[in-house]
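Listed below, chain by chain, are the residues.
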Amino acid sequence: MFKPIILVAKQTYRSHIKTRGFWLMVLSPLLMAAVFIGIAYAVMSMQSNTTPKLAVVDSPAISRILKADKQTLKVNISDIKNEDDAKKALKSQKIDGALLITHSGYQLLTQPKSEQIDTQVLSAILKNQQVQLKARNLGLNAAQTADLLRPVEIKTQVYQPGKTSGNNEGANYGLSVGIGIVTMTLVMMYVSMMAQEIANEKSSRIMEILLAATSPAAQYFGKILGIFALVLTQVVIYVVSGTAAIQVLSDNDIVKMLQKTLDGVTVPFVSYAVVFILSAVLLYLILTAIIAALINDQSQVQQAIQPMTYLAMFGYLVSFFLTAMPNNLFIQISSFVPFVAQSTMPTRLALSQVDWLGAMMSLLLTFVAIIVLGYFGLRVYARNVLSYSDENILKQLVNNLKK
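**Digging into the environment of Y238**
- If you trace the backbone, Y238 turns up in helix α10 (residues 216-248).
- Through-space distance from the C-alpha of Y238 to that of P29 is 9.3 Å; in sequence the pair is 209 residues apart.
- Once residues lying within four places of it in the same chain are set aside, the contact partners of Y238 are M25, V26, P29 and L30.

In structure tokens, the structure reads:
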């Protein structure tokens, strides 16, 4: 029984892995990501070339302090002799701003079309310098001064009965939104591929020859496993490509910013999300195999896969309402419903709206749905794969549910 299934799975996998269409489908998102990173890098490079220029008027000590914090302030610091020279430099647009030290404090002169100087950061640096000066006058040592300047840290924890979770909800939520996009994209790609695979064989009458050599079960499970292997191949390619890109571009500002954003993502959450994505795609593939068995020719493929596309999109759209309506009963129930839960449950888990027990129960329900739908689908597939009915696909499916 298993040997014919493996043979069909291998044949299905090989027939698609060798095509240009498959590789174009896999590599297109990578090329788009490369273009996006290239554009972002170009924009950041342009911004770095337009770093504001700030001149400090007749105060080498303040100039040294600001130069020491140049990366924080993100300006180019220079010295200038007097206020008149500073105003001339501003008028000729040689500098973007001039810092004057007055009896009452500091004064910042800027030109109308200058690059924006972050006055809040500048004020914070100058305030720290004043505090250090007053601390020395009061006889405080370096350790006492550092303790005085230490910022107040607030560590956020989300309380749940029996446990607390760290401040990683934002990173996990960002990842969960990406999960919804990835799941919907994979579903659209491979649902269409599965429907085309079965529709081609039915419309060309090759299916009759195939079933003469193997059983309906071998064709049914073999095709599902073959297409699912393509899904795994694409996921592995993306994981390897992403890991390699991070290693090669580890010094890139965009990669550093991305790493900082995802720094709070937890390994258990990522593992859970990946398993849920693959389980959801497998569930959709099984449903597609069932509906595709009712197709007569290629003209019905879009009609067959359209409801599944809407179903996948529905779960993704519902996930956006979670932050606004976390206690909505419909949304809570949807996170346990197969075909929809892959988009809503990871988001609820990321926002600490459900504990790990509830999250694992949702995943378990998806596994149960895969098993039940898989064996029910075999019955429908075997009954209809060689039949050619002019009835509406939905009506045929309802009739099979009654039998």
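**Let's talk about the environment of F320**
- Looking at the element boundaries, F320 is found in the loop between α13 (301-318) and α14 (329-334).
- Its relative accessible area of 39% is what places F320 among the partly exposed residues.
- Sequence separation of F320 and S343 is 23 residues, and the distance between their C-alpha atoms is 9.6 Å.

**Side note on the packing of aromatic side chains**
- On inspection of all chains with the given rule, the structure shows 8 aromatic pairs.
- Judged by centre distance (5.4 Å) and plane angle (80 degrees), the ring pair of F22 and W23 falls under edge-to-face.
- In this structure W23 comes out as partly exposed when scored by relative accessible area, which is 34%.
- Taking the centre distance of 5.5 Å and the plane angle of 90 degrees together, the rings of Y272 and F276 count as edge-to-face. Taken together, the residues Y272 and F276, both in helix α12 (residues 267-292) and 4 residues apart, mark about one turn of the helix.
- For F276, a relative accessible area of 1% corresponds to the buried category.
- Taken together through their ring pairs, the aromatic side chains of Y220, F221, Y375 and Y381 make up a single cluster.

**Observations concerning helix α6 (residues 119-137)**
- Relative to the 27 Å expected for 19 residues at 1.5 Å per residue, α6 spans 27 Å between its end C-alpha atoms, a close match to the ideal helical length.
- Looking one or two residues beyond α6, the residue adopting positive phi is G139, at roughly 85 degrees.

**Some thoughts on the packing of helix α15 (residues 341-350) against helix α16 (residues 356-384)**
- Viewed as axis vectors pointing N to C, α15 and α16 meet at an angle of 170 degrees, and their least axial separation amounts to 10 Å. Viewed along their axes, α15 and α16 adopt a mutual orientation that is roughly antiparallel. Contacts from A341, M345 and L349 in α15 reach W356, G358, A359 and S362 in α16.
- Residue composition of the contact of α15 with α16, by class: 5 nonpolar, 2 polar and no charged.

**Notes on the nonpolar core**
- In terms of nonpolar packing, the biggest core is built from 66 residues, with F22, Y190, Y220, I286 and L373 touching the most fellow members.
- In terms of residue count, α12 provides more of this core than any other element does, 17 residues in total.
- Ignoring sequence-local partners within four residues, the contact set of F22 consists of H16, I17, Y190, M193 and L230.
- In terms of nonpolar packing, the next biggest core, distinct from the first, is built from 13 residues, L54, V75, L99 and L126 among them.

**Describing the packing of α12 against α15**
- It is at 9 Å that the axes of α12 and α15 come closest, and there the two elements cross at 165 degrees. Relative to α15, α12 is oriented roughly antiparallel. Handedness of the α12/α15 crossing: right-handed. Contacts from F269, Y272, F276, A280 and Y284 of α12 reach α15 at A341, Q342, M345, P346, L349 and A350.

**Notes on the confidence of the model for the protein chain**
- Per-residue confidence for the protein chain gives a mean pLDDT of 78, with 76% of residues at or over 70.
- This stretch, residues 156-167, has a pLDDT under 50; its non-local contacts, to residues over four places away or in other chains, come to 17 contacts.

The rules behind each value
Residues numbered from 1 in each chain as written. Predicted model: local features only at pLDDT ≥ 70, side-chain atom pairs only at ≥ 80, totals over all residues. Heavy atoms only, no water. Helix = DSSP H or I, 4+ residues; strand = E, 2+ residues; numbered from the N terminus. Contact = heavy atoms within 4.5 Å. Buried < 20%, exposed > 50% of the residue type's maximum accessible area, 1.4 Å probe, protein only. Phe/Tyr/Trp six-rings, centres within 6.5 Å; stacked < 30°, edge-to-face > 60°. Expected span 1.5 Å × (residues − 1). Axes fitted to C-alpha atoms, helices over the stretch in contact; angles between N-to-C directions. Parallel < 35°, antiparallel > 145°, perpendicular 65-115°, else oblique. Nonpolar A, V, L, I, M, F, W, Y, C, P; charged D, E, K, R; others polar. Core = buried A, V, L, I, M, F, W, Y, C linked by side-chain atoms within 4.5 Å. Left-handed = near helix turned anticlockwise from the far one by under 90°. pLDDT = per-residue confidence, 0-100.

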